[in-house]
Amino acid sequence: MASKKTTLLLHILSFLSMLSEIVITKANTTNSTNADLNQGWGCIEGERKALLEFKHGLIDPSGHLSSWFGVDCCEWTGVDCNNKTGNVVKVDLNSRLKQNP
């Protein structure tokens with residue numbers, strides 16, 4: 001029987017894989033002119049969808065991810081974005097989970 005930690009790690013690895021593909025694709029298709037910068041208008045749609053898919057694969061009975069809804073994933077608890085590009089640069093689930101055991 002797979003432990004909950006193993007299952008969570010598999011979901012995290014899957015999410016990180018999807019996120020890295022999005023970031024690599026974005027880097028390959030976007031030049032770095034100011035016109036292409038997000039200018040703080042929220043997160044990248046593909047990255048928001050990847051985060052929601054990741055959340056959907058988790059069991060969250062304590063509601064740690066309850067802020068994960070809406071258009072701007074950069075406003076979600078534990079999600080940090082680059083303020084110029086809107087790319088997700090960090091997903092920190094650990095500190096949120098420690099606050100509410």
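Here is what the cut-offs are and how they apply
Residues numbered from 1 in each chain as written. Predicted model: local features only at pLDDT ≥ 70, side-chain atom pairs only at ≥ 80, totals over all residues. Heavy atoms only, no water. Helix = DSSP H or I, 4+ residues; strand = E, 2+ residues; numbered from the N terminus. Contact = heavy atoms within 4.5 Å. Areas by Shrake-Rupley, 256 points an atom, 1.4 Å probe, with all protein chains shown as cover. Disulfide = S-S within 2.5 Å. Buried < 20%, exposed > 50% of the residue type's maximum accessible area, 1.4 Å probe, protein only. Core = buried A, V, L, I, M, F, W, Y, C linked by side-chain atoms within 4.5 Å. Pairing = 2+ DSSP bridges.

1. Digging into the overall build of the chain
- Each helix and strand in the chain was counted, giving three helices and two strands.
- In the chain, the succession of helices and strands from N to C terminus is α-α-β-β-α.
- Within the chain, contacts between residues at least 6 apart in sequence are counted, and of these 59% link residues at least 24 apart.
- When the accessible area of the chain is evaluated, it comes to approximately 7,100 Å², of which 57% is carbon and sulfur surface.

2. Quick word on the state of the cysteines
- Counted under the stated rule, the structure contains two disulfides.
- Here C43 connects covalently by a disulfide to C73, the sulfurs 2.3 Å from one another. Here the S-S torsion is close to 140°, and the disulfide linking C43 with C73 is therefore right-handed. Taken together, the positions of C43 in the loop between helix 1 (4-29) and helix 2 (45-56) and C73 in the loop between helix 2 and strand 1 (79-81) put the pair 30 residues apart, joining distant regions of the chain. Like C43, the residue C73 is buried in the burial classification.
- Across the disulfide from C74 sits C81; the S-S distance is 2.2 Å. In this structure the cystine formed by C74 and C81 twists about its S-S bond by roughly -100°; its chirality is therefore left-handed.
- Residue class for C74 comes out partly exposed when judged on its relative accessible area of 21%.

3. Examining the nonpolar core
- Grouped together as the largest cluster of nonpolar side chains are 14 residues, with contacts concentrated most on L51 and W68.
- Sorting the residues of this core by element identifies helix 1 and helix 2 as the ones contributing at least two each.
- A total of three residues in this core trace back to one element, the largest contributor, which is helix 2.
- If we skip the residues at most four places from it in the chain, W68 touches L51, L52, F54, K55, W76, T77, V79, V91 and L93.

4. Quick look at the pairing of strand 2 (residues 88-91)
- Summarising the sheet, strand 1 and strand 2 pair through three bridges and their orientation is antiparallel. Following the sheet pairing, D80 is matched in strand 2 by K90.

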